[in-house]
Amino acid sequence: MPFSDLRSFVEELDRRGQLRRVTVPVDPILEIAEIADRVSKSQAAGNAPPPPTDPVHGGRGGSALLFDNVKGSNIPLAINLYGSYERMRIALGCETFETLADRIEALLRPELPTTLMDKIRKLPDLARLAGFAPKVVRNGICQQVVRTDDANLFDLPVIQCWPGDAGRYITFAGIYTKDPDSGDRNVGMYRVQLFEPRMTAMHWHMHHDGARHHRRYAARGEKMPLAIVLGGNSVLPYAATCPLPPDVSELLLAGFLNGTGIELVPCRTIPLEVPANAEIVIEGYVDPKEKIREGPFGDHTGFYSLADDYPVFRVTAITHRRDPIYPTTIVGKPPQEDYYLGKATERIFLPLLRTLIPDVIDYSLPMFGAFHNCVFVKLRKEYPLQARKVMSAIWGAGQMAFAKLIIVVDEHVNVHDEQDVLFHVGANWDPRRDTMIVDGPMDILDHAAPFCGAGGKMGIDATRKIPGEGVVREWPDEIEMSPQIKALVDGRWKEYGL
Ligand SMILES: Cc1cc2nc3c(=O)[nH]c(=O)nc-3n(C[C@H](O)[C@H](O)[C@H](O)COP(=O)(O)O)c2cc1C
Ligand SMILES: [Mn+2]
């Protein structure tokens, strides 16, 4: 089972030898980031083997870290809690990501009950589905301490990640907002730059739901209530990063992953509800008329994202549990903690992607691609130019639309092995015949795109070519030893004394 709050998740990591404590004083300015970067790129704690879907990079992630003594704050700081395959699985309470994918698949393709008995048997499933919705309760540990007039963001151990960053950033929070028209809730993970004890920027990309809600408040000329939530149920940070379609509730997904609905409490100074079990909640408003120059910030692209104007958030209260832990993360050149959040999504979303594009057997977002730069796709080719159909479909599928480079390979290629994919590109690709170049929306962090948020994309068809795909000469077979000989050599391997 996933954990109901950050404290119990941290304790479980400790029990499993997945947590290291740092007790000497450390500086939140750059020092913690450098420690976390080194640890997250080192050998993973414990001896869980890397999953078969990541034979190349799976062994990294180090340990989760708990800093008891951060200079300038009396709140301990946790980082890299989700930064390995094993810790991601512990947080989501699953054996493998595939088991979650299977649960989602079952939701998507329910067997329709035919007889009355079938219907009755299905009732518990439906009840359980209803049970995943968030539940509003009266009290929560997140409000054990309520600070309004004396609330001060600089009491938190907020870190500066990279030397060129404009300042200190909250990096691992869920940003809670509501659509003023429909009342739908959204949770997104957006970075928060501190400017004053009670003022920050709010950095949501224009394609994300927080920005969409903000545009709706602006159209009404109203201030937008917003809560910054740290900690809570162990599934929450993952749900906040999940690329769900607009108006699909992250809290419902969180409830589904959690096994029961997430408990929410009403905020003290704004009309919003937040997870009852959060460590720290920052309440306040965004005035659509007020902007500030935000950034630069060392981003997951491995480059600094440039400064730009973003909305201002003004704090009305900070509430927290007694003795809270402050969770944070850094992003930068991969692999970092966010790589594992992304890999969980890659696996969990495979059935969803396949409902949109049934041709796709499997896919991978390779580490070097930092999420949007590159997607490897495997298909079972049945007709000419099918790879191009798949590329176009991916460029139309939610946040996959940002993919800058798509490489399509045949069924026998391992999309989780970069060497295998690039081997088939080298062998099967004619640059003029097998390349598709198009324009489309881009991740706003892509600094190479000619426009912010818009640019070129390339698809490479590295499948075996068949008639109907341009000029194709006789295509040779790929070398493969016969299964009988492989079995024979397997059986006799010890005998050879090798
Ligand atoms: C560590 C981390 C930091 C992120 N920072 C931002 C950010 O500053 N702004 C943003 O728009 N998205 C950021 N994201 C990505 C969003 O959280 C993610 O795309 C999410 O699906 C957006 O949800 P939404 O569509 O509900 O807004 C970040 C993701 C991670 C893992
Ligand atoms: Mn959303």
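Residues numbered from 1 in each chain as written. Chains lettered and ligands numbered in written order. Predicted model: local features only at pLDDT ≥ 70, side-chain atom pairs only at ≥ 80, totals over all residues. Heavy atoms only, no water.

Draft legend 1. Summary view of the overall build of the protein. Counting secondary structure elements, the protein contains 13 helices and 23 strands. By the compact-globule yardstick of 23 Å for 498 residues, the protein fits well, its C-alpha radius of gyration being 24 Å. Each principal axis of the C-alpha distribution contributes one length, and for the protein these read about 75 × 65 × 55 Å. Burial analysis of the protein (498 residues in total) assigns 53% to the buried set. Taking all contacts inside the protein whose residues are at least 6 apart in sequence as the whole, residues at least 24 apart take part in 71%. Separation between the mean location of the 56 positive side-chain charges and that of the 65 negative ones in the protein comes to 2 Å. (Helix = DSSP H or I, 4+ residues; strand = E, 2+ residues; numbered from the N terminus. Rg over C-alpha atoms; globule rule 2.2 N^0.38 Å. Buried < 20%, exposed > 50% of the residue type's maximum accessible area, 1.4 Å probe, protein only. Contact = heavy atoms within 4.5 Å. Lys, Arg positive; Asp, Glu negative; His and termini not counted. Charge placed at Lys NZ, Arg CZ, Asp CG, Glu CD.)

Draft legend 2. The arrangement of the site of ligand 1 in detail. Every one of the 20 residues lining ligand 1 counts as a neighbour, but M189, Y190, H203, H205 and H208 are closest to it. In the environment of ligand 1, a nitrogen atom lies 2.7 Å from a nitrogen or oxygen atom belonging to the backbone of H203. Here ligand 1 has 640 Å² of accessible area as a free molecule, and 89% of this is covered by the chains. Broken down by secondary-structure element, the contributors of at least two residues to the shell around ligand 1 are β8 (185–188), α6 (209–220) and α7 (236–241). Looking at side-chain class alone, the shell around ligand 1 contains 8 nonpolar, 8 polar and 4 charged residues. (Near = heavy atom within 4 Å. Polar contact = N/O pair within 3.5 Å; in protein donor to acceptor, adjacent residues only side chain to side chain. Areas by Shrake-Rupley, 256 points an atom, 1.4 Å probe, with all protein chains shown as cover. Nonpolar A, V, L, I, M, F, W, Y, C, P; charged D, E, K, R; others polar.)

Draft legend 3. Structural context of the coordination of the manganese ion (ligand 2). Every protein donor of the manganese ion (ligand 2) is listed here as N186 (OD1), D209 (OD) and E250 (OE), and their distances to the metal cover 2.1 to 2.2 Å. We note that the donor set of the manganese ion (ligand 2) lies within a single chain, spaced as N-x22-D-x40-E. Remark: D209 occurs in helix α6 and N186 occurs in strand β8; sequence separation between them is 23 residues. (Donors = N, O, S within 2.8 Å, 3.2 Å for Na, K, Ca; no water.)

Draft legend 4. Highlighting the sheet that holds strand β21 (residues 405–410). Reading across the sheet, the 5 strands line up as β19-β20-β21-β23-β22 and stay open at both edges, with mixed pairing between neighbours. For this open sheet the edge positions go to β19 (360–364) and β22 (435–441), each flanked by a neighbour on one side alone. For this sheet, the mean inter-axis angle between neighbouring strands, taken without regard to orientation, is 25 degrees. Of the strand pairs in this sheet, strand β20 (residues 374–379) and β21 are connected by 6 bridges, and their pairing is parallel. Counted as the bridge partner of V375 is I406 from β21. (Pairing = 2+ DSSP bridges. Axes fitted to C-alpha atoms, helices over the stretch in contact; angles between N-to-C directions.)

Draft legend 5. Expanded view of the pairing of strand β17 (residues 308–320). Note that strand β5 (residues 145–147) and β17 share 3 bridges and pair antiparallel. Note on β17: the bridge partner recorded for V145 is H320. Inspection of the sheet shows strand β10 (residues 199–201) paired to β17 by 3 bridges, in the antiparallel sense. Looking at the pairing, M199 lines up with R314 of β17.

Draft legend 6. Spotlight on helix α11 (residues 386–394). For α11, the set of buried residues is Q386, A387, V390, M391 and I394. For α11, the arc enclosing every buried residue in end-on projection is 145 degrees, short of the 170-degree limit, so these residues lie on one face. Against β19, β20, β21, β22 and β23 (454–461) lie the buried residues of α11. (Arc of directions from axis to C-beta.)

Draft legend 7. Up close: unusual backbone geometry. Cis geometry marks the peptide bond from G295 to P296, where omega comes out at 0 degrees. Tracing the chain through its elements places P296 in the loop between β14 (278–294) and β15 (297–298). Backbone torsion omega between P334 and P335 reads 0 degrees, so that peptide bond is classified as cis. Non-glycine residue F371 carries a positive phi angle of around 75 degrees. With respect to the helices and strands, F371 occurs in the loop between β19 and β20. The partly exposed category is assigned to F371, whose relative accessible area is 23%.

Draft legend 8. Spotlight on the sheet that holds strand β2 (residues 64–67). Taken in spatial order, the 4 strands line up as β1-β2-β3-β18 in an open sheet, and their pairing is mixed. The open sheet has two edge strands with one neighbour each: β1 (19–22) and β18 (326–328). The sheet shows a mean angle of 25 degrees between the axes of neighbouring strands, direction not considered. In this fold helix α1 (residues 6–15) packs onto β1, β2 and β18, with an angle of close to 105 degrees to the strand it touches most, β1.

Draft legend 9. How the structure looks around the pairing of strand β11 (residues 224–231). Burial analysis of β11 places 8 of its 8 residues in the buried class, which makes it a mostly covered element. In this sheet, β11 lies alongside strand β7 (residues 174–178) in antiparallel orientation, the contact comprising 3 bridges. In the sheet register, Y176 faces β11, and the bridge partner there is A227. Here 8 bridges tie β11 to β14, and the two strands are oriented antiparallel to one another. Across the sheet, the residue bridging to A227 is E283, located in β14.

Draft legend 10. Representation of the packing of helix α4 (residues 97–108) against helix α9 (residues 337–348) within the structure. Axis separation between α4 and α9 bottoms out at 8 Å; the angle between their running directions is 40 degrees. Overall, the two elements α4 and α9 adopt an arrangement that is oblique. Pair α4 / α9 crosses with right-handed handedness. Residues F97, E98, L100, A101 and I104 of α4 touch α9, and the partners they reach there are K343, A344, R347 and I348. A class-by-class count of the residues in the contact of α4 with α9 yields 6 nonpolar, no polar and 3 charged. (Parallel < 35°, antiparallel > 145°, perpendicular 65-115°, else oblique. Left-handed = near helix turned anticlockwise from the far one by under 90°.)

Draft legend 11. Here's a closer look at a nonpolar patch on the surface. Nonpolar side chains collect at one region of the surface, where M481, I485, L488, W493, Y496 and L498 lie side by side and expose about 630 Å² of accessible area between them. Position of M481 among the secondary structure elements: in the loop between β23 and α13 (483–492). Residue M481 is classed as partly exposed on the basis of its relative accessible area, which comes to 47%. (Patch = residues over 30% accessible without salt bridge, like charges linked within 9 Å, V, L, I, M, F, W, Y side chains within 5 Å. Salt bridge = Lys/Arg side-chain N within 4 Å of Asp/Glu carboxyl O.)

Draft legend 12. Structural detail: the environment of D477. Structurally, D477 can be placed in the loop between β23 and α13. Residue D477 is classed as exposed on the basis of its relative accessible area of 65%.

Draft legend 13. Summary view of the nonpolar core. Judged by nonpolar contacts, the single largest core of 77 residues is most densely connected at L81, M88, L92, A227, Y238 and I348. The residues touching M88, leaving out its near neighbours within four places in the chain, are Y82, F97, Y238, Y340, L341 and A344. Grouped together as the second largest cluster of nonpolar side chains are 44 residues, L65, L226, V286 and V331 included. (Core = buried A, V, L, I, M, F, W, Y, C linked by side-chain atoms within 4.5 Å.)

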